[in-house]
Every structure is written in structure tokens, then in C-alpha cells.
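Survey of secondary and tertiary structure
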Amino acid sequence: MEPALATCDAILEAHRDALGRDYTAYRNHVQRVVRLALSQLPAGGELQKQVEIAGAFHDLAIWTHGTFDYIGPSADLARTYLAAHALDEWEQTVTAMIEWHHGMRPRPQGSPEEVFRRADWTDVTLGLRHWDFPRTEYRALLRRWPDAGFHRRLVQLGLRNLARHPFRPLPMFRW
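Quick notes on the rules
Residues numbered from 1 in each chain as written. Predicted model: local features only at pLDDT ≥ 70, side-chain atom pairs only at ≥ 80, totals over all residues. Heavy atoms only, no water. Helix = DSSP H or I, 4+ residues; strand = E, 2+ residues; numbered from the N terminus. Patch = residues over 30% accessible without salt bridge, like charges linked within 9 Å, V, L, I, M, F, W, Y side chains within 5 Å. Areas by Shrake-Rupley, 256 points an atom, 1.4 Å probe, with all protein chains shown as cover. Salt bridge = Lys/Arg side-chain N within 4 Å of Asp/Glu carboxyl O. Lys, Arg positive; Asp, Glu negative; His and termini not counted. Charge placed at Lys NZ, Arg CZ, Asp CG, Glu CD. Buried < 20%, exposed > 50% of the residue type's maximum accessible area, 1.4 Å probe, protein only. Contact = heavy atoms within 4.5 Å. Axes fitted to C-alpha atoms, helices over the stretch in contact; angles between N-to-C directions. Parallel < 35°, antiparallel > 145°, perpendicular 65-115°, else oblique. Left-handed = near helix turned anticlockwise from the far one by under 90°. Nonpolar A, V, L, I, M, F, W, Y, C, P; charged D, E, K, R; others polar.

Focus on unusual backbone geometry
- Phi at leucine 126 takes a positive value of approximately 55 degrees, unusual for a residue other than glycine.
- Looking at where leucine 126 falls in the secondary structure, it is placed in the loop between α8 (112-124) and α9 (135-144).
- Despite not being glycine, alanine 148 has its phi angle at roughly 55 degrees, a positive value.
- Mapped onto the secondary structure, alanine 148 falls in the loop between α9 and α10 (150-164).

Some thoughts on a positive patch on the surface
- A cluster of basic side chains, namely Arg21, Arg152, Arg160 and Arg164, defines a positive patch on the protein surface.
- Arginine 21 gets classed as exposed once you look at its relative accessible area, which sits at 69%.

Brief notes about helix α7 (residues 91-99)
- All of the buried residues along α7 are Val94, Thr95, Ala96, Met97 and Ile98.
- Those residues of α7 that are buried lie in contact with α4 (45-57), α6 (71-84) and α8.

Here's the deal with the packing of α6 against α7
- Running from amino to carboxyl end, α6 crosses α7 at an angle of 155 degrees, the nearest separation of the two axes being 9 Å. Here α7 runs roughly antiparallel to α6, going by the angle between their axes. Viewed along their axes, α6 and α7 form a crossing whose handedness is right-handed. Residues Ile71, Ser74, Ala75, Ala78, Arg79 and Leu82 of α6 lie in contact with α7, whose contacting residues are Glu91, Val94, Thr95, Ile98 and Glu99.
- Considering only residue class, the contact of α6 with α7 consists of 6 nonpolar, 2 polar and 3 charged.

By themselves, these observations are geometric and do not establish any function.
In C-alpha cells, the structure reads:
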């Protein structure tokens, strides 16, 4: 049976208005990334909730702040959430997953931020780059949580950002 991601869903629901017509597309992306990451990490407990929180916030500032330079603002949204829920001790783990999810270099093997980074890259590349995630597992996630225009929207937003900032078209990447 597929685990419910209640924390993740509650966060996304709280930001439904900011996400607007992209709500389903973003929610489905988050569902795929979080489920891929959780398939490679110890089941349940605090770490699952940390991954859910990082997943919900990792790209959210694209919509809440209207920027393609969203890593810092997304991490700030997560910090605010953690403080409001008396979960400050999770800040380092949650923000590391957010801050490094577009990292171009690997993080420590097996660390939550590396597993999360690989999960996000797997989904952003539609499974072309999949590391240890079986392609059949990714395809099943994509059937259960369809793209719903997510990748098309990323291209649109990326082109808009390129027009506005031609010398810094992809500010979210970390070298």
C-alpha cells in the first residue's frame, strides 16, 4: 500500500492559491520526488517527515516569490514552517535537501540531501538520469502522479527567466 504523505499535502494545500493553476503539476512532481527519495532511505519516522517538508518547499518559491532564483527563498519558507511547528532541530537536514537539490556535484553518499538530489534529478529528467532508482518504479510513479504540464511549465519559466536575466539564466544550480 502506498504511504500517505500527509505533511507534504498539508503544506501544499496551504500554498494552493500561490501555486494557482500549477498546483496539480507541482504536487505531482513533489509526490514523485518524495516517494523516490523515501524508497532509498530508512522507512518512516522523523526522516520521512523531513523529506516531506523538504519536498513540499524545494521549488515552492518559484510561485510564492515569483522568481527562478528560488533556492534561498524556498529554504526560508521551510525554516519559517519548521519554527512555527517547533521543529527547529530539523532545520539543517531539511534546508540541506532544499539547498543542494540542484547540486551539480554529489553530496555525501547515502545522505538525505544526496538521495533527495538524485530523486529530483530523476524526475526533472523524466527518468533519463535515474541512478539506483529502477526505471520501472519511476514509470509507475509517473502513471500514478502524472506530469500534468510540470515539465512544460519549467521550460516556460526558464525561457522567461532567460529573457529577464540572460547572463544568469539558471540561478538555481549549485556548483
